[in-house]
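Structure assessment
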Amino acid sequence: MSGMTCQRRHALALFALIVGSAFAGPAGATTAPALLPAWTPGTLDIHHIQTGRGNSTFIVGPDGTTILIDAGALDPADIEVANAPLKLAPAVPNASLRPGQWIARYIHQTTPADHQRIDYAIITHFHTDHFGSVTPSSPWSATRAYRLSGITDVGDVLPIGVLIDRLQPGSGDPAPHDDLTIRNYYAFADFLKAKRGTRWMPLQLGTTAQIHLANTTAYPGFKVLGIKAGSRIMDGAGGSRAVFDPKRATAPDGSAMENPFSIALRLSYGSFDYYAGGDNTGLDEPYAPDAVDTESVIAPLVGPVDVMALDHHGNRDATNSHILENLRPRVMVEQVYTTDQPGGEVVHRIAAKGLYAGSRDIFATHLFPQTEEAIGPAMIRAFTASGGHVLVRVAPGGRRTVYSYWTTWQ
């Protein structure tokens, strides 16, 4: 594939946690190999990619089927100018390419050589740290059908089979904010649908039939369940119901507040379970009358998992006690890009043995010294490792899981 040749390899840091099965304690810490061993058939890989500019999770299923959850590329000015005094994480590995280009190169290296495509691309919600920021200076694609940033950078060089987002027709949910970025996304999706045969659709709730392996008979234990999208959640009877009144999460200009409208998924492989919920929120406090608590409704529908991607980057309005009590994650992954991630309240909740018993490990793609200083020793004790990509590798059938992180692109 022209434009995708890359000789970079990922060097692993010196930590790996191995567990024997769902909810088992650590079988032992081991020194990780110098280079990431290639995916092999039967193995499930979940890569949390660190660019310093938002969320991106890339999944290689046991038969090689690929799933991308988000491809963030925020505008640095949105953090360090519009939200001063917050600081932004360094661009990873550097700023010589756009975040979406780095994500595409990462996928190119970790996807089976005979499967250089994304079977399912899922946009959890329409914030730029999850699908890319477009400005008048953003470059055009060669087709000039759309500009390049985030998911459009990725989809420009890697074919996408199915594009899924949070839009639920007939739900009454407000449309995303009408700006250059969202208009560019629509142009991109229309182009892929018309010219490249991509199917563009909303997430289907309460079913595992939408997102599936190409070879379902070989690995029947692999399933992806659509739990929530927009203001709707699966009802357990094959349909959906409202989580909240969409008007509660509508900004003064009529656009969606977005975070509460995020998609939520549970991925299962044998005895292994994983949760990803975008920026779903869990705050419902008297001092925050405009907050929307979606996590408390999601939690019992997800149930216990081995690994949980922290909602909303570990910000203080998410990862509430209800979702922790229900999911009881053995491992948590926080995707960080600014100094208010994680919130101090979240650190204390995820470390609290009163919510659920047992060991837990927390991996962060980045942690700021300022954040550690502000939260204090509780944060140092709570986090297992930080500073790079986070890989969850599940052995065939979900019998054993290795959690590791690595820090450099070399």
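Remember, it's a predicted structure, so these values are computed and weren't measured experimentally.

1. What about the side chain of R53?
Structurally, R53 is set in the loop between strand 3 (44-48) and strand 4 (57-60). Notably, R53 is buried but unbridged: the nearest opposite-charge side chain belongs to E80, and the N-O separation is 7.0 Å.

2. What to know about helix 2 (residues 99-110)
Between its first and last C-alpha atoms helix 2 spans 17 Å; for 12 residues at 1.5 Å apiece the expected length is 16 Å, and the two agree. Counting buried positions along helix 2 yields nine of 12 residues, so the element is predominantly enclosed. Those residues of helix 2 that fall on the buried side of the exposure criterion are P99, G100, W102, I103, A104, Y106, I107, Q109 and T110.

3. Topic: the pairing of strand 8 (residues 199-202)
One ladder, built from four bridges, connects strand 7 (residues 160-165) with strand 8; its direction is parallel. Looking at strand 8, one finds that L163 is bridged to W200. Regarding the hand of the β-α-β motif, the stretch spanning strand 7, helix 5 (residues 180-195) and strand 8 is right-handed.

4. Examining the environment of E295
Structurally, E295 can be placed in helix 6 (residues 295-302). Once residues lying within four places of it in the same chain are set aside, the contact partners of E295 are N280, T281, G282, D311, A318, T319, N320 and I323.

5. Looking at the confidence of the model for the protein chain
Averaged over all residues, the pLDDT of the protein chain is 89; the fraction at 70 or higher stands at 89%. Confidence drops under pLDDT 50 across residues 1-14; counting only partners more than four residues distant or on other chains, this segment forms 57 contacts. Below pLDDT 50 for its whole length, residues 21-33 participates in 36 contacts with residues either more than four positions away or in separate chains.

6. Re the sheet that holds strand 9 (residues 222-229)
The strand order across the open sheet formed by nine strands is 11-10-9-12-13-14-15-16-17, and the pairing between neighbours is mixed. The outermost strands of the open sheet, each flanked by one partner alone, are strand 11 (240-242) and strand 17 (383-386). Averaged over all adjacent pairs, the angle separating strand axes in this sheet is 20°, with direction ignored. Of the pairings in the sheet, the one linking strand 9 to strand 10 (residues 232-234) comprises two bridges and is antiparallel in character. Along strand 10, the bridge assignment pairs K228 with I233.

7. Brief notes about the nonpolar core
Within the largest apolar cluster, 72 residues are counted, with the highest numbers of intra-cluster contacts made by L44, I67, I164, F272, Y275 and M308. F58, A104, I151 and L192 belong to the second-largest nonpolar core, a separate cluster that totals 28 residues.

8. Brief notes about the pattern of salt bridges
Counted according to the given criterion, the structure contains seven salt bridges. For D119, the salt bridge identified is with R117, shortest N-O distance 3.1 Å. Judged by relative accessible area, which is 30%, R117 ranks as partly exposed. Between R166 and E258 there is a salt bridge; the shortest N-O distance is 2.6 Å. Of the two residues, R166 is situated in the loop between strand 7 and helix 5 and E258 in the loop between strand 11 and strand 12 (264-269); the sequence distance between them amounts to 92 residues. An identical accessibility class is assigned to R166 and E258; each is buried.

How each quantity is defined
- Residues numbered from 1 in each chain as written.
- Predicted model: local features only at pLDDT ≥ 70, side-chain atom pairs only at ≥ 80, totals over all residues.
- Heavy atoms only, no water.
- Helix = DSSP H or I, 4+ residues; strand = E, 2+ residues; numbered from the N terminus.
- Buried < 20%, exposed > 50% of the residue type's maximum accessible area, 1.4 Å probe, protein only.
- Lys, Arg positive; Asp, Glu negative; His and termini not counted.
- Salt bridge = Lys/Arg side-chain N within 4 Å of Asp/Glu carboxyl O.
- Expected span 1.5 Å × (residues − 1).
- Pairing = 2+ DSSP bridges.
- Right-handed = clockwise from strand over helix to strand, strands pointing away.
- Contact = heavy atoms within 4.5 Å.
- pLDDT = per-residue confidence, 0-100.
- Axes fitted to C-alpha atoms, helices over the stretch in contact; angles between N-to-C directions.
- Core = buried A, V, L, I, M, F, W, Y, C linked by side-chain atoms within 4.5 Å.

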